[in-house]
Amino acid sequence: MDYYFAPMEGITGYIHRSAYQALFPCIDKYFTAFIAPNQHGKLSSREKNDILPEHNRGMKVVPQLLTNKADDFILTAGKLKEYGYREVNLNLGCPSRTVVSKYRGSGFLARPEELDRFLYEVFEKTETDISVKTRTGRDSPQEFVRLMEIYNKYPLKELIIHPRTQQDFYKNTPDLSVFAQALSVSRCPVCYNGDIFTTEDLKVFRARFANVDKVMLGRGLLVNPMLIEMAEDGTAIDMERIRKFHDMVYGGYREVLSGDKVILFKMKELWSYMIHLFSDSKKYAKKIRKSEKLPAYEEAVDALFLECPLREPERNAQT
Ligand SMILES: Cc1cc2nc3c(=O)[nH]c(=O)nc-3n(C[C@H](O)[C@H](O)[C@H](O)COP(=O)(O)O)c2cc1C
């Protein structure tokens, strides 16, 4: 099984990625959070830092682009090629209203004929491989029949399917029957993404889709960085390694960001997931959330690791 780390804007940047790779080297491909191409092919400093080869050594990283303008995509893919990237990923999944209202991300799915023209152009003129990460429609999964016909016209490197519509956001459960249907007609390799939170979820998915050999995980890995290792080797959770992982991410942010508030904002975002690894953690979570200065934060984290028991690993981590 190939495992991919899902792109998660604001969280899975190069600092998080490098720390993860150093301590849990089980990922076949990492995807960057979306880069928004412009007509000059210029990357913002955040985007550039995220893709710089020296920030991504020893990892297979695929930059992701969010646009509905073929020229901008082609220009930025060309720029990324100069940095050594051989594959770029197109974001057709982002459900955020500001993105969707401009017919980008999962909003682009509502304009299949335009999407078809876009894909025709980018496949004509882009020199790198192109993969797609898609939802199953903007308003209804019925849109996916037409969308699959379009995807099948092009030599996609792979198609990552998160079987929810834009309307679902992250509510409801992924629609596995739509996924199964797409799998049966897809001409390119398919990767599954969505709601794999426990080793049991992974087992159930593999039992049902024995012919799918690529899975992308996002929130499940944010909560439990050892999820894949536990599923593959039956390894028990190793709190020392998780603590080290936290310290590496925290140290990385302290090096590149300035101001306690900015650093803590990033750490608190990560904790909004990782806290679910612990049980009876309410009081500690509150202390972390309320901390405004680094020493208070460090004290709260030390107490959590020292005093808080782990949650039953097989309980759904998102509850
Ligand atoms: C905070 C957050 C940020 C995300 N940012 C991106 C992004 O930049 N690009 C993208 O394709 N998906 C993004 N996603 C979606 C995830 O990549 C993934 O498809 C989604 O979380 C479902 O997978 P999961 O159930 O394993 O988490 C984001 C999701 C979250 C929760």
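Remember, it's a predicted structure, so these values are computed and weren't measured experimentally. (Residues numbered from 1 in each chain as written. Predicted model: local features only at pLDDT ≥ 70, side-chain atom pairs only at ≥ 80, totals over all residues. Heavy atoms only, no water.)

Student: For the overall build of the protein chain, give the residues involved together with the corresponding values.
Tutor: The number of helices and strands found in the protein chain is 14 helices and eight strands. Summarising its shape, the C-alpha atoms of the protein chain cover approximately 55 × 45 × 35 Å along the three principal directions. Here the protein chain, with 319 residues, has 53% of them falling under the buried criterion. Look at the contacts in the protein chain between residues 6 or more apart in sequence, and 73% of them connect residues 24 or more apart. Working note: accessible area of the protein chain is about 14,900 Å², and carbon and sulfur atoms make up 49% of it. Averaged over its 47 positive side-chain charges, the protein chain has a centre that lies 4 Å from the centre of its 44 negative ones. (Helix = DSSP H or I, 4+ residues; strand = E, 2+ residues; numbered from the N terminus. Buried < 20%, exposed > 50% of the residue type's maximum accessible area, 1.4 Å probe, protein only. Contact = heavy atoms within 4.5 Å. Areas by Shrake-Rupley, 256 points an atom, 1.4 Å probe, with all protein chains shown as cover. Lys, Arg positive; Asp, Glu negative; His and termini not counted. Charge placed at Lys NZ, Arg CZ, Asp CG, Glu CD.)

Student: So what about the packing of helix α12 (residues 260-274) against helix α14 (residues 294-307)? Which residues, and what values?
Tutor: Each pair of packed helices gets described by two things: the angle between the helix axes and the distance between those axes. Contact geometry of α12 with α14 gives a least axis separation of 10 Å together with a crossing angle of 25°. One element, α12, and the other, α14, form an angle in the roughly parallel class. Of the two elements, α12 crosses α14, and the hand of that crossing is left-handed. The segment α12 lies against α14, with D260, I263, L264, M267 and W271 engaging L294, Y297, V301, L304 and F305. (Axes fitted to C-alpha atoms, helices over the stretch in contact; angles between N-to-C directions. Parallel < 35°, antiparallel > 145°, perpendicular 65-115°, else oblique. Left-handed = near helix turned anticlockwise from the far one by under 90°.)

Student: Which residues make up the UniProt feature "binding site: FMN" (unreviewed entry) in the protein chain, and what are the values?
Tutor: When the UniProt feature table is mapped to this numbering, "binding site: FMN" (unreviewed entry) covers Q64, K133, H162, G218 and R219. With a relative accessible area of 7%, H162 lands in the buried category. Ignoring anything within four residues of it in the chain, the contact list for H162 reads T134, R135, T136, Y170, N193 and G194. As for its position among the elements, R219 is in helix α9 (residues 219-223). When its relative accessible area of 17% is taken as the criterion, R219 is described as buried. A distance of 2.9 Å separates polar atoms of two side chains, one belonging to R219 and the other to D195. (UniProt positions renumbered as here; feature names shortened; annotations may be inferred. Polar contact = N/O pair within 3.5 Å; in protein donor to acceptor, adjacent residues only side chain to side chain.)

Student: Provide a residue-level description of helix α7 (residues 176-185), including the pertinent values.
Tutor: The complete set of buried residues in α7 reads V178, F179, A182 and L183. Buried residues of α7 fall within an arc of 140° about the axis and therefore sit on the same side. Residues of α7 that are exposed and angled more than 90 degrees away from the buried face: Q181 and S184. Packed against the buried residues of α7 are α6 (143-151), β6 (159-161), β7 (190-193) and α8 (199-208). (Arc of directions from axis to C-beta.)

Student: Go over the site of the ligand with me, naming the residues and quoting the values.
Tutor: Close to the ligand lie 18 residues; P7, Q64, N193, D195 and R219 are nearest. Measuring from an oxygen atom of the ligand, one finds a backbone N or O atom of F34 at 3.2 Å. K133 places a side-chain nitrogen or oxygen 2.9 Å from an oxygen atom of the ligand. For the ligand, the protein covers 89% of the area, taking 610 Å² as the surface of the free molecule. When grouped by side-chain class, the residues that make up the shell around the ligand number eight nonpolar, six polar and four charged. (Near = heavy atom within 4 Å. Nonpolar A, V, L, I, M, F, W, Y, C, P; charged D, E, K, R; others polar.)

Student: How would you explain the environment of R187 if you had to name every residue and give the values?
Tutor: Within the fold, R187 resides in the loop between α7 and β7. A relative accessible area of 71% places R187 in the exposed class.

Student: Which residues make up the side chain of N224, and what are the values?
Tutor: The topology assignment puts N224 in the loop between α9 and α10 (227-233). A polar side-chain atom of N224 sits 2.8 Å from the main-chain amide nitrogen of M226.

Student: Run through the nonpolar core, naming residues and quoting values.
Tutor: If you look at the biggest cluster of nonpolar residues, it comprises 93 residues, and the most contacted ones within it are L119, Y151 and W271. The residue makeup of this core includes at least three contributed by each of domain 1 (2-233) and domain 2 (239-307). If sequence neighbours within four positions are ignored, L119 has contacts with L90, I150, Y151 and Y154. Core analysis: the second largest hydrophobic core is formed by seven residues, V62, I160, C191 and M216 among them. (Core = buried A, V, L, I, M, F, W, Y, C linked by side-chain atoms within 4.5 Å. Domains from an automatic or database assignment.)

Student: Can you explain the state of the cysteines? Please cite residues and give values.
Tutor: Considering all chains together, one arrives at zero disulfides under this definition. Cysteine C188 shares no disulfide, and the gap to the nearest cysteine sulfur, in C191, comes to 11 Å. A relative accessible area of 11% means that C188 is categorised as buried. Overall, the relative accessible area of 0% leaves C191 in the buried class. (Disulfide = S-S within 2.5 Å.)

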